[in-house]
Amino acid sequence: MRHIISILIENEAGALSRVAGLFSARGYNIESLTVAPTEDETLSRMTVVTSGSDSVIEQITKQLNKLIDVVKLIDLAESVHVERELMMLKVKTTNETREEVKRLADIFRGKIIDVTSASYVIEMTGTSSKLDAFVYALGEGVVIEVVRSGSVGMSRGEKGLHL
């Protein structure tokens, strides 16, 4: 099962390396990893997407909680949450295909952020499945390049990851 583990971690050199090292040393796979500072300059928020059985995820969270840099963590799969991913993709365009690509981007609520004579760069946010569906809808031979941020998420309601 897929899990999104959200971690408050001390904003110090080497903290990211220790978390990634924990996964690597135990043979756990990280599907995506995002890290950014929070409103508190001493803390960063790390979002790790991984897969595994409940016992594997329990083991991962126990090991993460033992790391001195980890302040607090939550497995978002255990509660109702909001999840998004950012994708930018460069697609080939011609005079004949420009309107169709623009229409498709509009349907998926994407935004064209760069235009050249032969390409568009499109920005889109949503669930991973939505982004996958957009790439599939474009068809083969259209996509030049794709960059994805990986998923980020937070709990709905008053529950949150804070001190």
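This one's a predicted model, so the numbers in the text were calculated from it and none came from an experiment. (Residues numbered from 1 in each chain as written. Predicted model: local features only at pLDDT ≥ 70, side-chain atom pairs only at ≥ 80, totals over all residues. Heavy atoms only, no water.)

Caption draft 1: View of the overall build of the chain. Scanning the chain for helices and strands turns up 4 helices and 9 strands. In sequence order, the chain lays out its α and β elements as β-α-β-β-α-β-β-α-β-β-α-β-β. Considering only residue pairs separated by 6 or more positions, the chain has 73% of its internal contacts joining residues 24 or more positions apart. Carbon and sulfur atoms make up 53% of the accessible area of the chain, which totals about 9,500 Å². Put simply, the chain has 19 plus and 23 minus side-chain charges, and the middle of one group is 2 Å from the middle of the other. (Helix = DSSP H or I, 4+ residues; strand = E, 2+ residues; numbered from the N terminus. Contact = heavy atoms within 4.5 Å. Areas by Shrake-Rupley, 256 points an atom, 1.4 Å probe, with all protein chains shown as cover. Lys, Arg positive; Asp, Glu negative; His and termini not counted. Charge placed at Lys NZ, Arg CZ, Asp CG, Glu CD.)

Caption draft 2: Just the pairing of strand E3 (residues 43–51), in detail. E3 sits mainly inside the fold: 7 of its 9 residues count as buried. The sheet contact formed by strand E1 (residues 2–10) and E3 spans 9 bridges and is antiparallel. Paired with Arg2 across the two strands is Ser51, which belongs to E3. Pairing geometry for strand E2 (residues 32–37) and E3, over 6 bridges, is antiparallel. Residue pairing for E3: Thr34 is matched across the bridge by Thr47. Taken together, E2 and the strand that follows it, E3, pair antiparallel across an intervening segment of 5 residues. (Buried < 20%, exposed > 50% of the residue type's maximum accessible area, 1.4 Å probe, protein only. Pairing = 2+ DSSP bridges.)

Caption draft 3: Seen up close, unusual backbone geometry. Within the chain, Arg109 stands out as a residue other than glycine whose phi angle is a positive 60°. One can find Arg109 in the loop between helix H3 (98–107) and strand E6 (111–115).

Caption draft 4: Quick peek at the side chain of Ser119. Mapped onto the fold, Ser119 is located in strand E7 (residues 119–126). By relative accessible area, Ser119 is classed as buried at 8%. Of note is the side chain of Ser119, whose polar atom sits 2.8 Å from the side chain of Thr116. Excluding its chain neighbours within four sequence positions, the residues that come into contact with Ser119 are Lys90, Val91, Thr93, Arg98, Asp114 and Ile144. (Polar contact = N/O pair within 3.5 Å; in protein donor to acceptor, adjacent residues only side chain to side chain.)

Caption draft 5: Main features of the pattern of salt bridges. Under the counting rule described, the total for this entry stands at 8 salt bridges. Measuring nitrogen to oxygen at the nearest pair gives 3.1 Å for the salt bridge that ties Lys62 to Glu58. Of the two residues, Lys62 and Glu58 both sit in helix H2 (residues 54–66), 4 residues apart, roughly one turn of that helix. One salt bridge in this structure joins Arg148 and Glu85, with 2.8 Å as the shortest N-O distance. With a gap of 63 residues between them, Arg148 in strand E8 (residues 143–148) and Glu85 in strand E5 (residues 81–92) connect regions that are remote in the sequence. Owing to a relative accessible area of 7%, Glu85 belongs among the buried residues under this scheme. In the salt-bridge network here, residues are joined through shared partners; they are Glu85, Asp132 and Arg148. (Salt bridge = Lys/Arg side-chain N within 4 Å of Asp/Glu carboxyl O.)

Caption draft 6: Spotlight on a nonpolar patch on the surface. Residues Leu86, Met88, Ile113 and Val147 make up a contiguous nonpolar surface patch of roughly 300 Å² in combined accessible area. By relative accessible area, Ile113 is classed as partly exposed at 38%. (Patch = residues over 30% accessible without salt bridge, like charges linked within 9 Å, V, L, I, M, F, W, Y side chains within 5 Å.)

Function cannot be read off these values alone, since they describe shape.
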